[in-house]
Amino acid sequence: TLSAVARRLLTRVQIIDYIARLWSRYPQDLDADMPWLLKTLTGKNFGLLRAHAKFKRWWPAARESFIRHDRAVAEGLIAHAEHDENSEEQAFRDALKEQPRELASRYNLAMCIMRRERHSEAAKYLQELTELEPKEPYWWIALGVMHRNVNRSDDAHAAFRRALELGAPSPRVALHVGLTLARDQHETEAIKQLDRALGSNPTASKIEALVSHLENEGLWKLAGYYREQAFRRGLVAEQNDSPDDGDEDVAA
């Protein structure tokens, strides 16, 4: 749950403190491993040369900011679970003030703002994510969805193409391209992409999941088309699972 994630987040500074004590106690044994571990925990690259000395100078001044950041993110996650949008937005803004280059806080704030339909501001934060971490395909998909929400289809398609170039799963990209085409009433092209997203021989439940996506987008005609496909797929599965008369005679 989000509350559990928030509790785990609040242990980050404690873990870094523990690592700092270990590193000071066993510097030669841990010099090779600690820089990459601390980069994972803090996002800061200490390099390989004199990494311990750099960390010891940096951490005492940075520690309180990390505490404030993690508390703010935890508050934002809890506010989200409680559907308190005002508190959620303020918490993620506070988190981003503490760590201006932090990725997750920026994404959470963008999603919060998007739900409040302040699309231009949300697009700004998502664009910043693609600049801070340009080779992460997920940010490009999120940016493409944002553009689709405000009917900027050309920008959406460009973002989805970039996500695909960066290694995003092709069925996932096909889903979003199909939804964008459907939004623009290019139904034939949309069906080709959505079929690609489903893959060959999809189960009825997988098609029903697509139906839910389409309904959430308000694409009722296509939702009806795929609901019929799911119904037919379910009938075929039932027929394949039913024993024929000869099998029943043998079993008897």
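Up top you'll find the structure we're talking about.
Residues numbered from 1 in each chain as written. Predicted model: local features only at pLDDT ≥ 70, side-chain atom pairs only at ≥ 80, totals over all residues. Heavy atoms only, no water.

**Q** Explain the overall build of the protein to me, and be specific about the residues and the numbers.
**A** Summing up its helical and strand segments, the protein has 15 helices and zero strands in all. A globule of 252 residues ought to have a C-alpha radius of gyration of about 18 Å, yet the protein, at 24 Å, is considerably larger. Viewed in the frame of its principal axes, the protein has a C-alpha envelope of about 75 × 55 × 35 Å. Residue burial in the protein is summarised as follows: out of 252 residues, 39% are buried. (Helix = DSSP H or I, 4+ residues; strand = E, 2+ residues; numbered from the N terminus. Rg over C-alpha atoms; globule rule 2.2 N^0.38 Å. Buried < 20%, exposed > 50% of the residue type's maximum accessible area, 1.4 Å probe, protein only.)

**Q** So what's going on with the packing of helix α10 (residues 153–165) against helix α11 (residues 170–183)? Residues and values would help.
**A** Closest axis-to-axis distance for the α10/α11 pair is 10 Å, and the angle between their directions is 175 degrees. Classed by the angle they form, the pair α10 and α11 counts as roughly antiparallel. Of the residues in α11, those touching α10 at S153, A156, H157, F160 and L164 are S170, V173, H176, V177, T180 and L181. Residues belonging to the contact of α10 with α11 are distributed by class as follows: six nonpolar, five polar and no charged. (Axes fitted to C-alpha atoms, helices over the stretch in contact; angles between N-to-C directions. Parallel < 35°, antiparallel > 145°, perpendicular 65-115°, else oblique. Contact = heavy atoms within 4.5 Å. Nonpolar A, V, L, I, M, F, W, Y, C, P; charged D, E, K, R; others polar.)

**Q** Which residues make up the nonpolar core, and what values go with them?
**A** Counting residues in hydrophobic clusters, the biggest one holds 52 residues, and the most contacted among them are Y107, L126, L194, L210, L214, L222 and Y226. Once residues lying within four places of it in the same chain are set aside, the contact partners of L214 are L179, L194, L219, L222, A223 and Y226. The next biggest cluster of nonpolar side chains, apart from the first, holds 16 residues, and it includes L38, F46, W59 and A62. (Core = buried A, V, L, I, M, F, W, Y, C linked by side-chain atoms within 4.5 Å.)

**Q** Explain the packing of helix α6 (residues 85–98) against helix α7 (residues 103–115) to me, using residue names and the numbers behind them.
**A** Between α6 and α7, the shortest axis-to-axis distance is 9 Å and the interhelical angle comes to 150 degrees. Comparing the axis directions of α6 and α7 gives the class roughly antiparallel. In this structure, the crossing between α6 and α7 has a hand that is left-handed. Contacts from E85, E88, E89, F92, R93, A95 and L96 of α6 reach α7 at S105, R106, N108, L109, C112, I113 and R115. Its residues assigned to classes, the contact of α6 with α7 comprises six nonpolar, two polar and six charged. (Left-handed = near helix turned anticlockwise from the far one by under 90°.)

**Q** Give me helix α5 (residues 51–81): which residues, what numbers.
**A** Residues spaced three or four apart along an α-helix point in a common direction, a consequence of the helix completing one turn every 3.6 residues. Helix length check: α5 (31 residues) gives 39 Å between terminal C-alpha atoms against 45 Å at 1.5 Å per residue, more than 12% under. W59 marks the point of greatest bend in α5, at about 45 degrees, and the proline P60 comes within the next four residues. Trailing α5 by a residue or two, H83 shows a phi angle of about 60 degrees, which is positive. (Expected span 1.5 Å × (residues − 1). Bend = angle between axes of the 7 residues up to and from the residue.)

**Q** Which residues make up the pattern of salt bridges, and what values do they have?
**A** One pass over the full model with this rule turns up 21 salt bridges. Here R118 ties to E89 by a salt bridge, and the two come within 2.6 Å at their closest N and O atoms. With R118 in the loop between α7 and α8 (119–132) and E89 in helix α6, this pair connects stretches of sequence that are 29 residues apart. Relative accessible area serves as the criterion here: at 10%, E89 is assigned to the buried category. Each member of the salt-bridge network shares a partner with another, and the members are E85, E89, R93, R116, R118 and E121. (Salt bridge = Lys/Arg side-chain N within 4 Å of Asp/Glu carboxyl O.)

**Q** Could you give an account of unusual backbone geometry, with specific residues and numbers?
**A** Unusually for a residue other than glycine, H83 sits at a positive phi of about 60 degrees. Mapped onto the secondary structure, H83 falls in the loop between α5 and α6. Owing to a relative accessible area of 71%, H83 belongs among the exposed residues under this scheme. In this structure, E117 is a non-glycine residue whose phi angle is positive, near 65 degrees.

**Q** Any details on the side chain of E88? Residues and values, ideally.
**A** Among the secondary structure elements, E88 is positioned in helix α6. Residue classification places E88 among the buried residues on the basis of a relative accessible area of 3%. If we skip the residues at most four places from it in the chain, E88 touches G76, A79, H80, C112 and R115.

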